[in-house]
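Structural overview
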Amino acid sequence: DAQESRGLGDVYKRQHPVRVAQARPVSGTSELTVAGTVRLKRETPLAFNTPGRLAAITVQEGDRVTAGQVLARLDITALGAAQASARAEVVRAAADMKRAEDLFSKGWVTAPRVEQARASMAAAQARQRAAGFDVALAVLRAPAAGIVLSRPGEPGQIVQPGQLVLSVGEMNQGFVLRVPLADRDAARVRTGQPASVTIAALGGAVLQAVVSEVGARGDDGTGTFRIEVKLPADPRLASGQIGQARLTLGPAEAGAPLIVPATAVFAARADEGFVYVLEPVTGRVRQRMVALGTVEAAGVIVTRGLKPGEQVITTGIDRLRNGQVVQVAGSVPAGGPAK
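So, how was this worked out
- Residues numbered from 1 in each chain as written.
- Predicted model: local features only at pLDDT ≥ 70, side-chain atom pairs only at ≥ 80, totals over all residues.
- Heavy atoms only, no water.
- Helix = DSSP H or I, 4+ residues; strand = E, 2+ residues; numbered from the N terminus.
- Rg over C-alpha atoms; globule rule 2.2 N^0.38 Å.
- Buried < 20%, exposed > 50% of the residue type's maximum accessible area, 1.4 Å probe, protein only.
- Phe/Tyr/Trp six-rings, centres within 6.5 Å; stacked < 30°, edge-to-face > 60°.
- Pairing = 2+ DSSP bridges.

Points about the overall build of the chain
What the chain contains, in helices and strands, is four helices and 23 strands. The C-alpha atoms of the chain give 34 Å as radius of gyration, which overshoots the globular expectation for 339 residues (20 Å, by more than 25%). Considered along the principal axes of its C-alpha atoms, the chain spans approximately 110 × 65 × 35 Å. When each of the 339 residues of the chain is scored for burial, the buried share is 36%.

Digging into unusual backbone geometry
For A267, which is not glycine, the phi torsion reads 50° and is therefore positive. Of note, A267 is situated in strand β18 (residues 266-269). The backbone of A270 shows a phi angle near 55°, a positive value even though the residue is not glycine. Within the fold, A270 resides in the loop between β18 and β19 (272-278). Taking relative accessible area as the criterion, A270 reaches 85% and is therefore assigned exposed.

Structural notes on the packing of aromatic side chains
For the structure on display, the rule yields two aromatic pairs. By way of ring pairs, the aromatic residues F266, F274 and Y276 are connected into one cluster.

Digging into the pairing of strand β11 (residues 166-170)
In terms of residue burial, β11 counts as a mostly covered element, since five of its five residues are buried. Residues L166, V168 and E170 point to one face of β11 and S167 and G169 to the other, with burial holding for every one of them. Relative to β11, strand β4 (residues 43-46) runs antiparallel, the two sharing four bridges. Bridging from a neighbouring strand, T44 pairs with V168 of β11. When strand β9 (residues 146-150) meets β11, the two strands line up antiparallel, connected through four bridges. Each bridged residue has a counterpart across the sheet, and for G146 the counterpart in β11 is E170.

With respect to the sheet that holds strand β8 (residues 139-141)
If you walk across this open sheet you meet the four strands as β8-β7-β5-β10, and the pairing is antiparallel. Edge positions in the sheet fall to β8 and β10 (158-159), since each of these pairs with one other strand and no more. Bridging between strand β5 (residues 52-57) and strand β7 (residues 70-74) involves three bridges; their strand directions are antiparallel. Looking at β7, one finds that I57 is bridged to A72.

Right, dumping it as structure tokens:
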């Protein structure tokens, strides 16, 4: 046993020659082509505020509409009855309040009785306003000049509050191409930068566009960030067309993913793997788990587990053990051999 322990000790003290590379941020510029969907900048879903029966829908999908145009109506029989009831309640509450005030002036009732009557009057007026509001919203109008994108509702259908009846796209806001980008790529896109867009439905001609919006929050399902590219005016554009945007990705910001040579990563599975990190003071290596991104021509993207500037072992990792002393024989940049 003692001999075996001495053997293991020799392994850890033995200085194996290795090469190292620094983990560095993904930097420089590169180009990326990504597919997306053409949408109007503002597409508004329209719904009613109260439940009811759809009395009429006056438009079809694809119809052009003007601002304020009536698009759909609810049957207001029940709403009208509720409004009439609220109006009658106001009349009754007003009479009660006047009677209480007259009696109070004669000293026959107390002040709290008058306050109660006034509170009932205020509540009745509030119900009347709410009933009138519901009646006013029983008509759907176009919020702006645009085009009807979808019409899931049908006359005679019973709809619930908030249920989609029509969707209208506002033409004055123009079209955009919405593309999903991974977090490491979205961090390198800037608002206002140019983009080249091709849309097959338009014959494949290149449109000179500009990035108008970079999403601030990733999608819960896919983890991607939505980028909007504002398209130049073209009468052939339509919501739902598929296009491709060619973007130039700028340098990464602080905290961006790092890149290491592919030879530094071992025991990789799914989106995790291991690297050996060199301790500069002791000359020992420490095994560390890291989160992995994509494999690029220059190396492997590491999204978590390393700091910029840390040195990882790039050669002979199959012969190393955690805590082993090594001798650095040379170094290479993360993108390739040293010059």
